[in-house]
Amino acid sequence: MNKKKILATLSSLVLVAFFAGCGLSSPAETPAETPAETPAEEPAGEEPSSDMPEVTLVYAEVNPLDTIVGQTDTAFKEKVEELSGGKMTIDVQASGVLGSENDVLDTMLGGGGTIDMSRISAFALTPYGGEKSKLLSIPYTFADREHFWSFATSDLAPDFLLEPFENGTGVRGLFYGEEGFRHFFTVDPVNTIEDLSGMKLRVSNDPVMNGMVSGLGASPTVVSFGELYSALQTGVVDGAEQPIANYKSNAFQEVAPNMILDGHTLGAIQVIITNEAWDSLTEEQQNILMEAGKYASEFNRKISEEAENEVLQALKDDGINIVEVTDKAPWQAAVKDVVTEQTKGFEELYQQILDMK
C-alpha cells in the first residue's frame, strides 16, 4: 500500500471515531432526508383503545333471527363486537321473549335499564308522541323500495331518528332499515278490497293503522303480536298484516293461508337505544354503535328484496293463495281521509317525503 492510501485510510478512521464519540452517524451512514413531521398513514380501521370499558347491551327483537330484521340484528351485533375488539357485547333477545314492541317500548321508556336497545317498526313510537315517525306509516306513501331509501339516506332522516330524544321520550334512533312492504293475510280468501268488509283485522294500537283498516271497511282489532297466531286460529280475528318474510317465519300461513299483496305500508324499521344506555357509553363506544349501524343499514338494503322474493316464491310453492293487486287506486281512495287527518300540521314535511320518489 503506498503512502497516500495509508494516509486516506487513517483519516477515515479518525472521522468515524470522532462521530461515534459525539453520538452521531458518520456522513456515509446518514440516510436521505425525509420530512420530520409527516404523520404515518392512518390504518383503514382504528383499533379500539386498550382501556375501553366492557359493556353488554340487551337488545330486544320481536321476530325470529332468520327474518330480514333478525339477520340485520345479527349483522349489527357482529360489527359492534368486531369494532370494539369484544369489549362491547350486543345480547340479542329475539322471537319476542322480552315482549311485544309496545311492551318493549314501555320497558325502555320506563327506565330501569333491563332493555337497552330494540329493533322496532319505525312508526311504533307514534303513540308515544312520534309525530314525524307517524308519517312513515301513512298508507301508500312509498312507491317502491328506492323511494324509501331515498328518504332513509337523505338529510331528513337524522331529524326523524332524533325526534324521540328531542321530545323527551327517553330514546334515540341509530339507523334505518326495512323489511319489505306490508300486506294483509286472512283465514278466508280475499280477492278484492270489497272482501275485507266486516272482517276483524288485527292491528297494533296505532291511530294510522286503526284509521286505515276502518277506511278499508274492516274492523280494527288490537291483539298483541305474541297472541296473533292463536287469535287467528280461534277466530278472534279474521286476518292481520305483516311483511312477507315475517308472515312465513311466524308460521301464520298455517292458520291464515291467504295473502293479498296490496303493499299498503313499507315496513320501515329503526334501531333505538335508551338515553340512559347511550349516556353510559364513552364517545368511542357511541361512535362504534353509529359505525356498526351504518354497516347494518347497508347490509339490510342489500338483502331485503332478494330475501323477500325467495320467501314469496316458497309460499307459492307451498300452495299459499297469493293474490296480486294490479290497481291500487281503489285502495288509495279508501284511505284518503286517514292520510289527510294523520298528516295534518305536517303537510309540507310529508310532501317532501313524497317528492323523493
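Caption draft 1: Geometry of the overall build of the protein chain. Regarding its fold elements, the protein chain presents 14 helices and 9 strands. Expressed as a percentage of its 357 residues, the buried residues of the protein chain come to 49%. Sequence separation of at least 24 residues holds for 76% of the intrachain contacts in the protein chain that already meet a minimum separation of 6. Here the protein chain has roughly 17400 Å² of accessible surface; of this, 51% comes from carbon and sulfur atoms.

Caption draft 2: Up close: unusual backbone geometry. Positive phi, normally seen in glycine, also occurs at Ser 95, with a value near 60 degrees. The topology assignment puts Ser 95 in the loop between strand 2 (88–93) and helix 3 (101–110). Residue Ser 95 is classed as partly exposed on the basis of its relative accessible area of 46%. Positive phi outside glycine occurs at Tyr 140, with the angle close to 60 degrees. In this fold, Tyr 140 is placed in the loop between helix 4 (131–135) and helix 5 (145–152). Under the relative-accessibility criterion, Tyr 140 is labelled buried at 13%.

Caption draft 3: Broad picture of the layout of surface pockets. The volume enclosed by the largest pocket comes to roughly 430 Å³. Around the largest pocket, the lining comprises 23 residues; the ones closest to its centre are Phe 142, Ala 143, Phe 181, Gly 263 and Lys 328. Broken down by class, the residue content of the lining of the largest pocket amounts to 12 nonpolar, 5 polar and 6 charged.

Caption draft 4: Examining the pairing of strand 6 (residues 219–222) more closely. Pairing of strand 5 (residues 200–203) with strand 6, which is carried by 4 bridges, proceeds in the parallel orientation. For Val 203, the partnering residue across the bridge sits in strand 6 and is Val 222. In the classification by handedness, the crossover that spans strand 5, the intervening helix 7 (residues 207–215) and the parallel strand 6 is right-handed.

Caption draft 5: Just the packing of aromatic side chains, in detail. Considering all chains together, one arrives at 12 aromatic pairs under this definition. Ring centres 6.4 Å apart and planes at 90 degrees place the aromatic pair Phe 148 and Tyr 176 in the edge-to-face group. Within this pair, whereas Phe 148 is found in helix 5, its partner Tyr 176 is found in strand 4 (residues 171–186), the two being separated by 28 residues in sequence. A relative accessible area of 0% places Phe 148 in the buried class. Assessed through its relative accessible area of 3%, Tyr 176 is described here as buried. Each member of the aromatic cluster is reached from another via a ring pair, and the members are Phe 142, Phe 148, Trp 149, Phe 151, Phe 160 and Tyr 176. A cation over a ring is seen here: Arg 172 above Phe 165, with NZ or CZ 4.3 Å from the ring centre.

Caption draft 6: Representation of the nonpolar core. Core analysis: the biggest nonpolar cluster contains 41 residues, and Phe 148, Phe 151, Phe 160, Tyr 176, Phe 184 and Trp 331 have the highest contact counts within it. Of all the elements in the fold, those that place two or more residues in this core are helix 5, helix 6 (157–166), strand 4, strand 5, helix 7, strand 8 (258–274), helix 13 (336–342) and helix 14 (347–354). Not counting residues up to four positions away in its chain, the partners in contact with Trp 331 are Tyr 140, Phe 184, Thr 192, Ile 193, Leu 196, Leu 216, Ile 260, Asp 262 and Val 325. Within the second largest apolar cluster, 25 residues are counted, among which are Val 237, Met 259, Ile 303 and Ile 320.

Caption draft 7: Here's a closer look at the pairing of strand 4. With respect to burial, strand 4 is a largely interior element, 16 of its 16 residues being buried. Summarising the sheet, strand 4 and strand 8 pair through 12 bridges and their orientation is antiparallel. Directly across from Arg 172, in strand 8, lies its bridge partner Ile 273. Summarising the sheet, strand 4 and strand 7 (residues 239–243) pair through 5 bridges and their orientation is antiparallel. For Phe 184, the partnering residue across the bridge sits in strand 7 and is Glu 241.

Caption draft 8: Summary view of the packing of helix 2 (residues 68–83) against helix 11 (residues 283–317). In the contact formed by helix 2 and helix 11, the axes pass within 8 Å of each other and the chain directions differ by 150 degrees. By the angle between their directions, the pair helix 2 and helix 11 is classed as roughly antiparallel. Along this stretch, helix 2 crosses helix 11, giving a crossing that reads as right-handed. In terms of residue class, the contact of helix 2 with helix 11 is built from 13 nonpolar, 5 polar and 3 charged.

Caption draft 9: Quick peek at the environment of Asn 210. The residue Asn 210 is located in helix 7 in this model. Excluding residues within four positions of it along the chain, Asn 210 makes contact with Val 203, Ser 204, Asn 205 and Pro 220. At a separation of 2.7 Å, a polar atom in the side chain of Asn 210 contacts the main-chain carbonyl oxygen of Asp 206.

The rules behind these values
Residue indices begin from 1 for each chain and proceed along its sequence in written order. Restriction of local features to residues with pLDDT of at least 70 applies here, the model being predicted, together with a cutoff of 80 or more for giving and counting side-chain atom pairs; totals for whole chains, interfaces and linings are based on all residues. To obtain the side-chain values, all non-hydrogen atoms of the structure were used and water was disregarded. Comment: elements are numbered from the N terminus, with helices defined as DSSP H or I runs of at least four residues and strands as E runs of at least two. Type-normalised accessible area, obtained with a 1.4 Å probe on protein chains alone, sets the label of each residue: buried when under 20%, exposed when over 50%, and partly exposed for intermediate values. It only takes one pair of heavy atoms within 4.5 Å for two residues to be counted as in contact. Computed with the Shrake-Rupley method and a 1.4 Å probe, the accessible areas treat only the protein chains shown as cover for residues. Within this scheme a cavity is a closed region of a 1 Å grid, computed over the protein atoms alone, that accommodates a 1.4 Å probe without allowing it to escape, whereas a pocket is open but has protein on both sides within 12 Å along at least five of seven lines; lining residues each have an atom within 4 Å of a point. Grid points are joined across faces, edges and corners, and a volume is the space filled by probe spheres set on the points. Lys, Arg, Asp and Glu make up the charged group, whereas Ala, Val, Leu, Ile, Met, Phe, Trp, Tyr, Cys and Pro make up the nonpolar group; the residues left over, Gly among them, are polar. By this definition, two strands are paired if DSSP reports at least two bridges between them. Think of it like this: strands point away, you trace from the first strand over the helix to the second, and a clockwise trace means the crossover is right-handed. What counts as a ring pair is set by centres within 6.5 Å for rings of Phe, Tyr and Trp (its six-membered ring), and what kind of pair is set by the plane angle: stacked under 30 degrees, edge-to-face over 60, tilted for all other angles. Geometrically, a lysine NZ or arginine CZ counts as sitting over a ring once it is within 6 Å of the ring centre and also within 35 degrees of the ring normal. Here the nonpolar core consists of buried residues drawn from Ala, Val, Leu, Ile, Met, Phe, Trp, Tyr and Cys, with membership extended through side-chain atoms lying within 4.5 Å. In this analysis, axes come from line fits to C-alpha atoms, helices being fitted only over the stretch in contact, and the angle between any two N-to-C directions falls in the range 0 to 180 degrees. Put simply, angles under 35 degrees are roughly parallel, angles over 145 are roughly antiparallel, angles from 65 to 115 are roughly perpendicular, and the rest are oblique. Should the near helix be turned anticlockwise from the far one by less than a right angle, the crossing is left-handed, and should it be turned clockwise, the crossing is right-handed. We define a polar contact as two N or O atoms separated by no more than 3.5 Å, with the added condition that, inside protein, one atom must be a possible hydrogen donor and the other a possible acceptor, whereas residues neighbouring each other in sequence contribute only through side-chain atom pairs.

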